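# Observations on chain architecture
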Amino acid sequence: QVQLVESGGGLVQPGGSLRLSCAASGNILSIYDMGWYRQAPGNQRELVGTITSGGSTNYADSVKGRFTISRDNAKNTVHLQMNSLKPEDTAVYYCNAEIRTWLSRRNDYWGKGTQVAVSS
């Protein structure tokens, strides 16, 4: 069984910064792409950004230049550094990873989410 656990959410003022982390655990053989998605109230879940196992990144236009994704392959973790936060960044942030376990082929896994609120 695979688990993704996010941490680091909270309340921050506009212009502030937060760093989210996500740790994958379980019978993991390989982790391929990892990423972050977010869902604001009343909205669909949307892509924030992704990172390949080789470190190539892709970001939504709305966060380019403000957010940075990184990963530590040895620790099965992915991070999201969020700078210059805006009220419209308020959402539940979800970690996602494509993982192959010792018992199964590649599957998509999701964390339970962590709340980020940007408000003065």
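Bringing the overall build of the protein into the picture now. Across its full length, the protein carries zero helices and 11 strands. Across the protein, helices and strands are ordered from the amino to the carboxyl terminus as β-β-β-β-β-β-β-β-β-β-β. Taking 14 Å as the expected radius of gyration for a compact globule of 120 residues, we find that the protein reaches 14 Å, a close match to that expectation. Its C-alpha atoms give the protein principal-axis dimensions of about 45 × 25 × 20 Å. When the 120 residues of the protein are sorted by exposure, 40% land in the buried category. When contacts within the protein are restricted to residue pairs at least 6 apart in sequence, long-range pairs at least 24 apart make up 55% of them. Looking at the protein, you have 12 positive and 9 negative side-chain charges, and the mean spots of the two groups are 4 Å apart.

Attention shifts here to the side chain of E6. Within the secondary structure layout, E6 lies in strand 1 (residues 2–7). Put simply, E6 is tucked away with no salt bridge, and the nearest opposite charge, on R45, sits 7.6 Å away. Of note is the side chain of E6, whose polar atom sits 2.8 Å from the backbone nitrogen of C95. Within polar-contact distance, the side chain of E6 engages the backbone nitrogen of K112 at 3.2 Å. Not counting the four nearest positions on each side in its chain, E6 is found in contact with S21, C22, W36, Y93, Y94, C95, G111, K112, G113 and T114.

A few words now on the pattern of salt bridges. Tallied over the entire structure, the rule returns five salt bridges. A salt bridge links E46 to R38; the nearest nitrogen and oxygen atoms lie 2.7 Å apart. A salt bridge links K64 to D61, with the shortest nitrogen-to-oxygen separation between them at 3.1 Å. In this structure K64 comes out as partly exposed when scored by relative accessible area, which is 49%.

This part covers the state of the cysteines. Inspection of the entire model under this criterion finds one disulfide. For C22, the disulfide goes to C95, at an S-S distance of 2.1 Å. Judged by the sign of its S-S torsion, about -80 degrees, the cystine formed by C22 and C95 is left-handed. On the criterion of sequence distance, the pair formed by C22 in strand 3 (residues 18–26) and C95 in strand 9 (residues 91–101) is long-range, its members being 73 residues apart. For C22, a relative accessible area of 0% corresponds to the buried category. Residue classification places C95 among the buried positions, given a relative accessible area of 0%.

Parameters at a glance
- Residues numbered from 1 in each chain as written.
- Predicted model: local features only at pLDDT ≥ 70, side-chain atom pairs only at ≥ 80, totals over all residues.
- Heavy atoms only, no water.
- Helix = DSSP H or I, 4+ residues; strand = E, 2+ residues; numbered from the N terminus.
- Rg over C-alpha atoms; globule rule 2.2 N^0.38 Å.
- Buried < 20%, exposed > 50% of the residue type's maximum accessible area, 1.4 Å probe, protein only.
- Contact = heavy atoms within 4.5 Å.
- Lys, Arg positive; Asp, Glu negative; His and termini not counted.
- Charge placed at Lys NZ, Arg CZ, Asp CG, Glu CD.
- Salt bridge = Lys/Arg side-chain N within 4 Å of Asp/Glu carboxyl O.
- Polar contact = N/O pair within 3.5 Å; in protein donor to acceptor, adjacent residues only side chain to side chain.
- Disulfide = S-S within 2.5 Å.

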